[in-house]
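# Structural characterization, general
Spelled out from the first residue to the last, the chains are:
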Amino acid sequence: MPNSKAKVLDRYSAKVYKNRKEHILEIDECTEEQQIAANSRSIPGIMTNRGCCYAGCKGVVLGPLKDVLLITHGPIGCGFYSWGTRRNKAKTEDGRNFIQYCFSTDMQEPDVVFGGEKKLRQAIQEAYEIFKPSCIMICSTCPVGLIGDDIHAVAAETEKKYGIRCVAYSCEGYKGVSQSGGHHIANNGVMRRVIGTGDKPPKTKFSVNLLGEYNIGGDGWETERLLKRIGYEVVSVMTGDGSVETLQNAHLANLNLVQCHRSINYIAEMMKTRYGIDWVKVNFIGIDATISTLREIALYFGDDEITARTESVIADELEQISAERAYYREKLKGKTAALFVGGSRSHHYQYLLADFGVKTVLAGHEFGHRDDYEGRKVIPNIKEDADNKNIEHIEVERDENHYKSFHTPERYAELRQSIQLEEYHGLIPDMQAGSVVVDDLNHYETEAFLEELKPDIFLSGIKDKYVLQKAGVLSRQLHSYDYSGPYSGFKGAINFARDITMGIYTPVWSLVTPPWKNKPVLEGALVQGGEDA
């Protein structure tokens, strides 16, 4: 709908209008040259859907590591907030899976006043005596940064005392502007203390790491199934169903596959510098997207047998889903959708929706940077502000013992012309004319764009899902899949289409009339002024 941006912004004061207009784009023929404001502080008082730095570090990147006993050093609410909400699935052979637990030092007021290091040491001792973990990680929250507890010193003491690996992350919630800063901090710690410490080589040259895959609803398992069926060896997954045991050998793989660009591109870049491992931007969300990704990986390795196996697997997987694919496309063709999710999901799911004839009318990221929207070509032009400088950027050097180049410089340059080799083109180039891109969408804008664009379904996160449903619009939650999934690969696409079809053709939310539509929910009385009034 033309001018929807102007209509939504019209309700704002001049100051807020000036800020928010830079975060919203209406796509037209000239949009490729337009900039979007991103990775900046939300306006105080506006109901944003973002999480904090701690949520990005502990809740997103580190939380899925199944063999890590992860302690939140802070109030219990922080640990509870990040526990179990993303449905990171994991399975272990020895039955030890720590992601089912919520470990916290449960800081109280006396700990904030007098310091919490003693309580942290006590928590580590109890955890070690009960569970005997091989690795403990510590994530700090806001009070810890304010009072100055030295969690890194405690981690060093722990390693000497118990002879295990202990890594601390200063990921206080107020650092940065969103959970994106926490991703960066987690990446730095994993790169410093985990990757490169193992010595178990892959069995084949077709070895890959899967980066930015968090196994929501089993996505990672479905992706691994496809890769292994073709003949690839998955050395490690960062970090869904992942472990320190496998991550420490990640530097020995021959290619990194980057699924979620925002949360993991730091590690991909650092591994390229230190170990020479190339990375390819992939997308296993969507049927056509999965096919394209599998063919690009085969092109990178350039092996005739792998290429033939890739085409054979694609043909077989398509045959298995052909009838259901046609059925759900008939049901969904012509519907419209809005997307507001974290990471790269708002980009990836447009491909999956398009597979079934659904048009995306709005998309945006909770915590995206400009390169997530406009592509990595803009990175040199992004100016750092004080918030970005608050997140440590580490420099890594070439490891002469493990550095390797899979391709010659000439072949590398040739491949860059054909595949997304160390490149990401971003969300905006794939948006259709007339659609809307919104960064850091807030609750008011959600309701306003619903009124303007009237999507049949709004795919969202945890916090805004209920706003949408109360407005009578179907919403599927793409941060944990509403207890469904997997949605990746060929079979996952059918799972997604089935869930969307059930929702659209069972419009229960539109049948609910909120009480405030029929009668006032607030009542008052006019009284005479006076001393007792």
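Note that this is a predicted model, so its numbers are computed, not measured. Residue numbers here run from 1 along each chain, matching the order of that chain's written sequence. Per-residue local features of the predicted model are confined to residues with pLDDT of at least 70, and side-chain atom pairs are confined, for both listing and counting, to 80 or more; whole-chain, interface and lining totals are unaffected and use all residues. In computing side-chain properties, one takes all heavy atoms of the structure into account and sets aside hydrogens as well as water.

For the rest of this paragraph, the subject is the overall build of the protein chain. In this text, helices come from DSSP runs of H or I with a minimum length of four residues, and strands from runs of E with a minimum of two, each type numbered from the N-terminal end. Helix and strand counts for the protein chain stand at 21 helices and 14 strands. We compute the radius of gyration over the C-alpha atoms and compare it with the globule rule, which gives 2.2 Å times the number of residues raised to the power 0.38. Over its C-alpha trace the protein chain gives a radius of gyration of 24 Å, about what one expects of a compact globule, namely 24 Å for 533 residues. Each principal axis of the C-alpha distribution contributes one length, and for the protein chain these read about 85 × 65 × 45 Å. Relative accessible area decides the class of each residue, using a 1.4 Å probe on protein chains only: under 20% of the type maximum gives buried, over 50% gives exposed, and in between gives partly exposed. The burial tally for the protein chain puts 57% of its 533 residues in the buried class. In what follows, residue pairs with any heavy atoms lying within 4.5 Å of each other are defined as contacts. A fraction of 76% describes how many contacts in the protein chain between residues 6 or more apart in sequence connect residues 24 or more apart. Reported accessibility uses the Shrake-Rupley method at a 1.4 Å probe radius. Residues are deemed covered only where the shown protein chains occlude them. Per element, the accessible surface of the protein chain, about 24100 Å² overall, is 51% carbon and sulfur. Charged-residue counts in this description rest on Lys and Arg as positive and Asp and Glu as negative, His and the chain ends being excluded. Charge positions come from single atoms, namely NZ of Lys, CZ of Arg, CG of Asp or CD of Glu. On the protein chain, the mean spot of the 63 positive side-chain charges and the mean spot of the 73 negative ones are 2 Å from each other.

Paired strands, as defined in this entry, are two strands with at least two bridges between them according to DSSP. Spatially, six strands are ordered S1-S12-S11-S10-S13-S14 in an open sheet, and the strand pairing comes out mixed. Each edge of the open sheet is held by one strand with a lone partner, namely strand S1 (24–26) and strand S14 (474–477). Here the average twist between neighbouring strands, direction ignored, is 15 degrees. Taken together, the six bridges between strand S10 (residues 336–341) and strand S11 (residues 359–365) define a ladder with parallel strand orientation. The residue bridging Ala 338 from the neighbouring strand is Leu 362, located in S11. Across the sheet, helix H21 (residues 489–504) touches strand S13 (457–460) and S14, and the angle it forms with S14 is around 150 degrees. To obtain each axis, a line is fitted to C-alpha atoms, and for helices this fit is confined to the stretch in contact; angles are then taken between N-to-C directions over 0 to 180 degrees.

Now for the sheet that holds strand S3 (residues 103–104). In space, the four strands of this open sheet follow the order S3-S2-S4-S5, with parallel pairing throughout. Two strands lie at the open edges of the sheet, namely S3 and strand S5 (165–169), each paired on one side alone. Where strand S2 (residues 69–73) meets strand S4 (residues 135–140), five bridges bridge the pair, whose relative direction is parallel. Within S4, the position partnered with Leu 70 by the bridge is Met 137. Across the sheet, helix H8 (residues 151–162) lies against S2, S4 and S5, angled at about 175 degrees from S5, the strand it touches most.

When you line up the elements, Asn 265 lands in helix H12 (residues 261–275). Given a relative accessible area of 7%, Asn 265 falls into the buried group. Those residues in contact with Asn 265 that lie beyond four places of it in its chain are Asn 187 and Arg 376.

Right, let's get into the pairing of S10. Taken across its six residues, S10 has six buried, putting it largely inside the fold. Both faces of S10 are covered, namely the face carrying Thr 336, Ala 338 and Phe 340 and the face carrying Ala 337, Leu 339 and Val 341. Orient the strands so they point away from the viewer, and a crossover whose first-strand-to-second-strand path over the helix runs clockwise is right-handed. The parallel pair S10 and S11 is bridged by helix H15 (residues 345–355), and the resulting crossover is right-handed. Across three bridges, the pairing between S10 and S13 is parallel. Of the residues in S13, the one forming a bridge with Ala 337 is Ile 457.

In a soluble, globular protein the nonpolar side chains are often hidden away together inside. Nine residue types can take part in a nonpolar core, namely buried Ala, Val, Leu, Ile, Met, Phe, Trp, Tyr and Cys, and a core is a set of them joined through side-chain atoms within 4.5 Å. If you look at the biggest cluster of nonpolar residues, it comprises 104 residues, and the most contacted ones within it are Leu 62, Met 137 and Tyr 169. Not counting chain neighbours up to four residues away, the residues in contact with Met 137 comprise Leu 62, Leu 65, Val 68, Leu 69, Leu 70, Ile 71, Val 167, Tyr 169, Val 194 and Val 244.

Attention now goes to unusual backbone geometry. With omega at 0 degrees, the peptide bond leading from Met 238 into Thr 239 counts as cis. Along the chain, the position of Thr 239 falls in strand S7 (residues 233–239). A cis amide bond, omega -5 degrees, links Gly 485 with the succeeding residue Pro 486. Structurally, Pro 486 can be placed in the loop between S14 and H21. Non-glycine residue Asn 39 carries a positive phi angle of around 55 degrees. In this structure, Asn 39 sits in the loop between S1 and helix H3 (53–62). At Lys 454, a residue that is not glycine, the phi angle is positive and equals roughly 50 degrees. Within the secondary structure, Lys 454 sits in the loop between helix H19 (443–453) and S13. Overall, the relative accessible area of 52% leaves Lys 454 in the exposed class.

With that settled, consider helix H9 (residues 179–193). Between its first and last C-alpha, H9 extends 21 Å over 15 residues, near the 21 Å set by a 1.5 Å rise per residue. Most of H9 is tucked away, with 13 of its 15 residues classed as buried. A helix is expected to span 1.5 Å for every residue after the first.

Tracing the backbone shows Thr 105 in the loop between S3 and helix H5 (109–114). Assessed through its relative accessible area of 4%, Thr 105 is described here as buried. Here a polar contact is recorded for every N or O atom pair within 3.5 Å, except that within protein the pair must consist of a potential hydrogen donor and a potential acceptor, and residues adjacent in sequence are included only if both atoms are side-chain atoms. A polar contact is formed between the side chain of Thr 105 and the side chain of His 73, at a distance of 2.9 Å. Setting aside residues up to four positions removed in sequence, Thr 105 forms contacts with Ile 71, Thr 72, His 73, Gly 74, Lys 119, Leu 120 and Ala 123.

Take the packing of aromatic side chains next. In this scheme Phe, Tyr and Trp rings, the latter by its six-membered ring, pair at centre separations within 6.5 Å, and the angle between planes marks the pair as stacked below 30 degrees, edge-to-face above 60, and tilted otherwise. For the coordinates displayed, the defined rule picks out 16 aromatic pairs. These aromatic residues form a ring-pair network of at least three members: Phe 206, Tyr 232, Tyr 300, Phe 301 and Phe 406. Taking NZ or CZ as reference, Lys 91 lies 4.6 Å from the ring centre of Trp 221, over its face. Sitting above the plane of the Tyr 505 ring, Lys 331 keeps its charged end 5.2 Å from the centroid. Here, a charge over a ring is recorded when the distance from Lys NZ or Arg CZ to the ring centre is within 6 Å and its angle to the ring normal is within 35 degrees.

What counts as a salt bridge is simple: a side-chain nitrogen of Lys or Arg found within 4 Å of a carboxyl oxygen of Asp or Glu. All chains considered together, the criterion is met by 33 salt bridges. A salt bridge links Glu 445 to Arg 20; its shortest N-O distance comes to 2.8 Å. Within this pair, whereas Glu 445 is found in helix H19, its partner Arg 20 is found in helix H2 (residues 14–20), the two being separated by 425 residues in sequence. You'll find Glu 445 and Arg 20 in the same group, each marked buried. Ionic pairing is found between Glu 311 and Arg 295, a salt bridge with its closest N-O pair at 2.9 Å. Of the two residues, Glu 311 sits in helix H14 (residues 304–332) while Arg 295 sits in helix H13 (residues 287–301), which places them 16 residues apart along the sequence. Overlapping salt bridges, with partners in common, bring together Glu 222, Arg 225, Arg 229, Asp 316 and Glu 317 in one network.

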